[in-house]
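Now for the letters of each chain:
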Amino acid sequence: MSFLDGYGRTRPLLRRAALTGAALLAVTAAPHASAAAAAADRGPSGGGLSAVIRYTENGIPHILAQDYAHLGFGTGWAQAADQVCVLADGFVTVAGERSRWFGADAAPDGSLSSAAANLSSDLYFKGVRESGTVEKLLATPAPAGPTPDLEELMRGWAAGYNAWLAQNKITDPACKGAAWVRPVTVLDVASRGFAVSVLGGQGRAVDAIAAAQPPGRAASPTSRTEPAAGAGAEPDPAAAAEAARAFFDTGRYDMGSNAVAFSGSTTASGGGLLLGNPHYPWQGGRRFWQSQQTIPGELNVSGGSLLGTAVINIGFNEKVAWSHTVATGTPVNLHQLTLDPADATTYLVDGKPEKMTQRTVSVQVAGGDPVTRTQWWTRYGPVVTGLGPGLPLPWTAGTAYALNDPNAANLRGSDTALAMGKARTVAGIQDALKRTQGLPWVNTVAADSAGGTLFTQSQVLPRITDELAARCSTPLGRATYPASGLAVLDGARGDCALGSDPDAVQPGVFGPGRAPTLRDAPYAENSNDSAWLANADRPLTGYERVWGNAGTPRSLRTRGAVEDVAAMAAKGRLTVADLQKQQFSNRVPAGDLAAADAAEACAALPGGAATASDGRPVDVSAACAVLAGWDRTADTGSRGALLFDRFWRRLTAGTAAKDLWLVPFSAADPVRTPRTLNRAAPRIGRALADTVAELTAAGIALDAPLGAHQFVVRGGQRLPVPGGTEALGVWNKIEAPWNAAGGGYPEVVHGSSHIQAVGWDGGRCPVARTLLTYGQSSNPASPYYADQTRLFSQERWVTSRFCERDILTSPQLKVVRPRERR
C-alpha cells in the first residue's frame, strides 16, 4: 500500500485542478492517490531526495514528502528560494567567518548573538566550532540529544538548500554573485540551532567571552567596539542589581510576544481558540517564514519557522494550535571564582586548584593578518567580563566570573517543535514539552479542538532554587538574585553545585514538573511578564525566583491584554473573528490611563505655555485639544496618537512611577494599578514642550494621522503601519526608530510578525487566519517581498489553506517538484 493511499479521496479534486492549472499537468499521473502526492511517493529517477511543493496565495508553500529526510529537503529548498541571502549570512556567522568576508569592525545583524562587531562574533562561533561542541550534542542519544527524525530533517534541509543553490541563480542584490554564499552541511544547520538556543545566555555575552583575559594579559586591540577586559573594581551590589534587572527585562528585548488561548466555555463552537502575536525582528535572521509540512499519516502541521530551522516553531494542526512568548525565566547564572594567588588562570573548588581550559582561536580578517585570541573556560562555563555595559565583572588577581548556560547543552528545541506539531490535544502539547525539554527562552500557550487551554513556562533553566541562592550566593548574588533572578553562586564550594531533578533529561536544570503551568482556564494569556497573571482570576504562585517574579507591577501591555481577554472571555460566544478584532483593536492602554489627565494638565498651564528642556518657552495650547480629542488607539488614521506617543516616551523616561501615578501599585489589584496620572508631576509641562517643539521643527502637524508618520516603504510605495510601542502597552506592538528627517517612524525594526488566529467550528478543517507582516521573502524582486506588509497595513488577513481541498482549489496554485541531481 502506498503511504499516500489515505489521500485517495483528493484524486477527483486534483483532476479538476489539473484541467484548469497547467502547473499540475506534470504531476497528475497516479491512479490511486492524489497526483502530486503520488509523484512524491515515487521519488526521482536515479535516487536522491525530492518533495512536492504546492504554493498557494502569498507564496505559502505546502510541502508534501514521504519521510523526514524528503520533508527537510523540500523545506530547505523552499526557504532558500525565499531567503537565500539571509540564510547564507547566518551560515557565515556560525562558521566564524564574518571578519573574513565583511571586516572585523563591521556589526553583525544581531540575529544570532549580541556581538557588537564581527571579530568578537567570529571568536566565539569559531571557538564553538573548533571545540566540537555541536558535534558532541549531535552525537548524544535522545532524549538528551536529537531524535533520528530530527537528524533526518536536518540532513534533508541541508540537501534542499544546497540543491536550490546548485540549480538556481540568485537575484537578490543582497548576495547576488557573493563568494560567501556556499553549500552547507548538517553541522551548519545544527550550529544555527545551537546559536538560537543560547540567544538568551552565551549569545548575550559573546563580547564578554571573547574579551576575557587574565589581569596583565590584555588582548591586542583589533576592534573599536570590543569591550575592554580585566582590570576594574569589584561591582557595586546595588548598581549591579539594577543593571541585572534591566539586562533581563523582557520589555527591553528585540523579541517579545502576546498569546492567548480561550477555552470551549467561552467560544461559540465549544472548541478552543488561539491568538498568537509574536514580536520579532522584521529584518535579518530571526524572521519567521511560513509553510505547511505534511508526511501523510505521520505529520501535518502549518505555521511559522525561524529561518534556518527545519520545523514549524509556532503553528497548528487539525486538532491543536500553539504559540510562544518570550519568558521571564533567567536562563543563566554566574559562578564567582576564587583564584589561586599564584595563578589567575587557576581557580579553587573546596580548596583544590583547577586549571582553566584554554581555547585558542584564530580568525581570518579581510585585508589583514589573522587575529588569534585565547578564551578561558571552567567547569561552570566561559569566563566573562560582564553582562551588558551596566554589569561589569572584572577579572582580578583574586576573582573571576564564569557563566553557566544550560542551553549550551541543548539541541532539543526542534525536537520539541516537531513533537508539538504531532500533538492532538493540549495534554499532548504538555507531554511533548515534558518528553523533549527543548525550549530555551519561551513560554507556551495552546488551545485544542475539544476546548482545552494551556499556559506553561516549560523552559530550560539552571536549577537555581531559592534555598540554593540563599545558601550559596556571594554578596553580589544576594543583590542580583532578588532583583532579576540572576544567581551569583560561590564557585569555590562544591556543595553549591546545581543539583538535578529526577524528571529532567539534562543535569543541572529544572525538570518540567517544576514549571509554572495552568490548564483549562477560561483564558490563558501572556505578554512577556511572568507566569503570575496568566489568568488574573487564577494567579500562579510558588515558583522559584529564577522563573520570574510575582506580586509586582505588570507592564502596560500585560495589563491591557488581561483587561481585553478577560472581557472577551466574559462576553463569551467567541469566534476566530473576535481574535482578529483583538489583534487590530490597537487600543493604547497608556492613553486610556493618562490622555485625559494629560490634556487637563496641558489646559491648566499658565498662558498655554511650558518650558522646554533647553529653557525656551513653547506654546503648547494646541496640543491640549488634540490629546483630549484623540480616540486612544494606534490605528493608522488616529489623530493625536503620534503626539501622545512622543509625549509619553519623554514623560515616562524621566519620571519614577511613584511620581507619575496618584494611586500606587497594589498586588491585590494588579491589572488596575498604578493609575490616575499625577497632573502636578513637574515633567509633564517639559515633556509637552519638548514634544511640540520636536514635531513643529520636523514639520509634522500635532494632529497628523499616525499612519502618515509611522510607515515603511516597499517598492517605492509608502505603507502606513498600525500599532504602537512597548511604552504605550499596545497589543499590536511595533517598534520603530524615530527619524524626524525621514518623516517620523519610517521603518519597523521589530514587532508583530507571524500572527495566527486559529479555532475549530466542528468541521473537518481548522478555521485559521494568518499574517506574516513582512512577507515570505527579503528579495525586493520577489512578488512576496511586500504583499503581506500591504495586508498588514490594511489590517487584512490571509485565509489559511490547510486541508487538501483548500490547497488544491487555490486559484493561485503552483506545483513544483524539486529534486537532487546526482
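Fair warning: this is a prediction, and the values are worked out from it, not measured in the lab. (Residues numbered from 1 in each chain as written. Predicted model: local features only at pLDDT ≥ 70, side-chain atom pairs only at ≥ 80, totals over all residues. Heavy atoms only, no water.)

(A) A look at unusual backbone geometry. For the peptide bond that leads from Ala142 to Pro143, omega is 10°, which places it in the cis range. Residue placement: Pro143 occurs in the loop between helix H6 (133-139) and helix H7 (148-167). Cis peptide bonds are those with omega within 30 degrees of zero, and the linkage from Thr673 to Pro674 qualifies with -5°. Mapped onto the secondary structure, Pro674 falls in the loop between strand E23 (661-663) and strand E24 (675-677). (Helix = DSSP H or I, 4+ residues; strand = E, 2+ residues; numbered from the N terminus.)

(B) Structural context of the side chain of Ser323. Checked against the element boundaries, Ser323 lands in strand E8 (residues 320-326). Contacts of Ser323, omitting those with residues within four sequence positions, involve Ala259, Leu274, Gly276, Asn277, Pro278, Ile314, Asn443, Thr444, Val445 and Gln756. (Contact = heavy atoms within 4.5 Å.)

(C) Representation of empty space enclosed by the protein within the structure. If you walk through the whole model with that rule in mind, you get seven cavities of 30 Å³ or more. Taken as a whole, the largest cavity holds about 430 Å³ of empty space. Looking at the lining of the largest cavity element by element, the count peaks at five residues for helix H8 (residues 186-197). The residue makeup of the lining of the largest cavity, split by class, is 17 nonpolar, 10 polar and one charged. (1 Å grid on protein atoms, 1.4 Å probe; cavity = no way out; pocket = protein on both sides within 12 Å on 5 of 7 lines; lining within 4 Å. Points joined across faces, edges and corners; volume = space filled by probe spheres on them. Nonpolar A, V, L, I, M, F, W, Y, C, P; charged D, E, K, R; others polar.)

(D) Quick look at the pairing of strand E15 (residues 399-404). The buried fraction of E15 amounts to six of the six residues, a majority that puts the element mostly inside the structure. With burial as the criterion, each face of E15 is covered, one bearing Thr399, Tyr401 and Leu403 and the other bearing Ala400, Ala402 and Asn404. Taken together, the six bridges between strand E9 (residues 333-340) and E15 define a ladder with antiparallel strand orientation. Bridge assignment links Thr338 to a residue of E15, and that residue is Thr399. (Buried < 20%, exposed > 50% of the residue type's maximum accessible area, 1.4 Å probe, protein only. Pairing = 2+ DSSP bridges.)

(E) View of the pattern of salt bridges. Inspection of every chain in the model, using the stated rule, returns 42 salt bridges. Note that Asp501 and Arg463 form a salt bridge whose closest N and O atoms lie 2.7 Å from each other. Placement of Asp501 in the loop between strand E18 (488-490) and strand E19 (517-519) and of Arg463 in the loop between strand E17 (453-456) and helix H13 (466-472) is noted, with a sequence separation of 38 residues between them. Asp501 gets classed as buried once you look at its relative accessible area, which sits at 8%. According to the relative accessible area criterion, Arg463 is buried, its value standing at 19%. A salt bridge links Arg514 to Asp501; the nearest nitrogen and oxygen atoms lie 3.5 Å apart. Within this pair, whereas Arg514 is found in the loop between E18 and E19, its partner Asp501 is found in the loop between E18 and E19, the two being separated by 13 residues in sequence. (Salt bridge = Lys/Arg side-chain N within 4 Å of Asp/Glu carboxyl O.)

(F) Structural view of the nonpolar core. In terms of nonpolar packing, the biggest core is built from 176 residues, with Tyr161, Phe194, Phe262, Leu387, Ile429 and Ile464 touching the most fellow members. In terms of residues, this core owes the most to one element, helix H3 (residues 68-94), which gives 15 residues. Grouped together as the second largest cluster of nonpolar side chains are 46 residues, Ala590, Ala599, Val618 and Ala736 included. (Core = buried A, V, L, I, M, F, W, Y, C linked by side-chain atoms within 4.5 Å.)

(G) Spatial organisation of the layout of surface pockets. There is about 1,400 Å³ of room inside the largest pocket. When contributions to the lining of the largest pocket are tallied by element, the ones reaching two or more residues are helix H10 (237-247), helix H14 (475-484), helix H15 (556-571), helix H19 (641-653) and helix H20 (657-660). Here the lining of the largest pocket takes four residues from H19, the largest share from any one element.

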